[in-house]
Amino acid sequence: CACGLRGCWEQYGSGRVLDRWAQQHLVGSTPVAKLLIAKAGSAEQVTGKTVSQLAADGIREARECLATVGYNLGVGMASLAAVFDPEFFVVGGGLADNKELLLEPMVQSFEEHLFGAAHRKVPPIKLALLGPDAALIGAAGLAPR
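Described in the following lines is the structure provided in the data block. None of these values were measured; they are calculated from a predicted model.

**Describing unusual backbone geometry**
Thinking step 1. Positioned with a positive phi, Asp85 is a non-glycine residue whose angle comes to about 50°.
Thinking step 2. Looking at the secondary structure, you find Asp85 in the loop between α4 (60–84) and β1 (89–91).

As structure tokens, then:
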């Protein structure tokens, strides 16, 4: 991980995963690399958002990448639920733009890994109402006037 530790959730369940996936696929001239470059305009402009766009276009490899991120988010949320027993989870940030592709694998993985799921109320997973800008809007609200 960039922080120097190992196994950080950020490495498996964040938008940075999409960035790394894109960079790995740009090596060589694979069909996916060509699609990434065509979508972004150039190799230098390819980002995780480009991966999301390919997934929305139905490109199997990109959809699988997003499903993996959703799965990993669900596993992490199940661990958090075991420790904190939250009423619900709110998912925001740029990944919220991919709700159709992330939510199903996230919920499935969460329910699959939730300790004692048969004996407890399963906390729902909700999307941030303000979408990917929720954190930015919240920070602006805290800024001194």
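**Here's the deal with the layout of surface pockets**
Thinking step 1. For the largest pocket, the calculated volume is near 210 Å³.
Thinking step 2. Considering the residues around the largest pocket, the lining is formed by Gly15, Arg16, Leu18, Asp19, Gly48, Lys49, Ser52, Gln53, Gly94, Leu95, Asp97 and Asn98.
Thinking step 3. Residue assignment for the lining of the largest pocket shows that the elements contributing at least two residues are α1 (15–26) and α3 (48–56).
Thinking step 4. For the lining of the largest pocket, the residue count by class is two nonpolar, six polar and four charged.

**Thoughts on helix α5 (residues 99–113)**
One turn of an α-helix holds 3.6 residues; hence residues three or four places apart share an orientation.
Thinking step 1. The end-to-end C-alpha distance of α5, which contains 15 residues, comes to 20 Å, matching closely the 21 Å that a straight helix rising 1.5 Å per residue would cover.
Thinking step 2. Every buried residue of α5 is accounted for by Leu101, Leu102, Pro105, Met106, Ser109 and Phe110. Down the axis, α5 shows its buried residues gathered within 135° of arc, on one side only. Facing away from the buried side of α5 by over 90 degrees, the exposed positions are Glu100 and Glu104.
Thinking step 3. Here the buried face of α5 lies against α3, α4, β1 and β2 (125–127).

**Some details on the packing of α1 against helix α2 (residues 31–40)**
Thinking step 1. With their axes 8 Å apart at the nearest point, α1 and α2 run at an angle of 115° to one another. Relative to α2, α1 is oriented so that their crossing is left-handed. On α2, the residues that touch Trp21, Ala22, His25 and Leu26 of α1 are Val32, Ala33, Leu36 and Ile37.
Thinking step 2. Counted by class, the contact of α1 with α2 contains seven nonpolar, one polar and no charged residues.

**Remarks on the pattern of salt bridges**
Thinking step 1. Applying the stated criterion across every chain, the model contains five salt bridges.
Thinking step 2. A salt bridge links Asp57 to Lys39, with the nearest nitrogen and oxygen atoms 2.6 Å apart. One end of the pair, Asp57, is in the loop between α3 and α4; the other, Lys39, is in helix α2, with 18 residues separating them in the sequence.
Thinking step 3. Residue class for Lys39 comes out partly exposed when judged on its relative accessible area of 36%.
Thinking step 4. Across the pair Asp85 and Arg120 runs a salt bridge, and its minimum N-O distance is 2.8 Å. With Asp85 in the loop between α4 and β1 and Arg120 in the loop between α5 and β2, this residue pair connects regions lying 35 residues apart in the sequence.
Thinking step 5. Residues joined by salt bridges that share partners form a network here, namely Arg60, Glu61 and Glu64.

Thresholds applied
- Residues numbered from 1 in each chain as written.
- Predicted model: local features only at pLDDT ≥ 70, side-chain atom pairs only at ≥ 80, totals over all residues.
- Heavy atoms only, no water.
- Helix = DSSP H or I, 4+ residues; strand = E, 2+ residues; numbered from the N terminus.
- 1 Å grid on protein atoms, 1.4 Å probe; cavity = no way out; pocket = protein on both sides within 12 Å on 5 of 7 lines; lining within 4 Å.
- Points joined across faces, edges and corners; volume = space filled by probe spheres on them.
- Nonpolar A, V, L, I, M, F, W, Y, C, P; charged D, E, K, R; others polar.
- Expected span 1.5 Å × (residues − 1).
- Buried < 20%, exposed > 50% of the residue type's maximum accessible area, 1.4 Å probe, protein only.
- Arc of directions from axis to C-beta.
- Contact = heavy atoms within 4.5 Å.
- Axes fitted to C-alpha atoms, helices over the stretch in contact; angles between N-to-C directions.
- Left-handed = near helix turned anticlockwise from the far one by under 90°.
- Salt bridge = Lys/Arg side-chain N within 4 Å of Asp/Glu carboxyl O.

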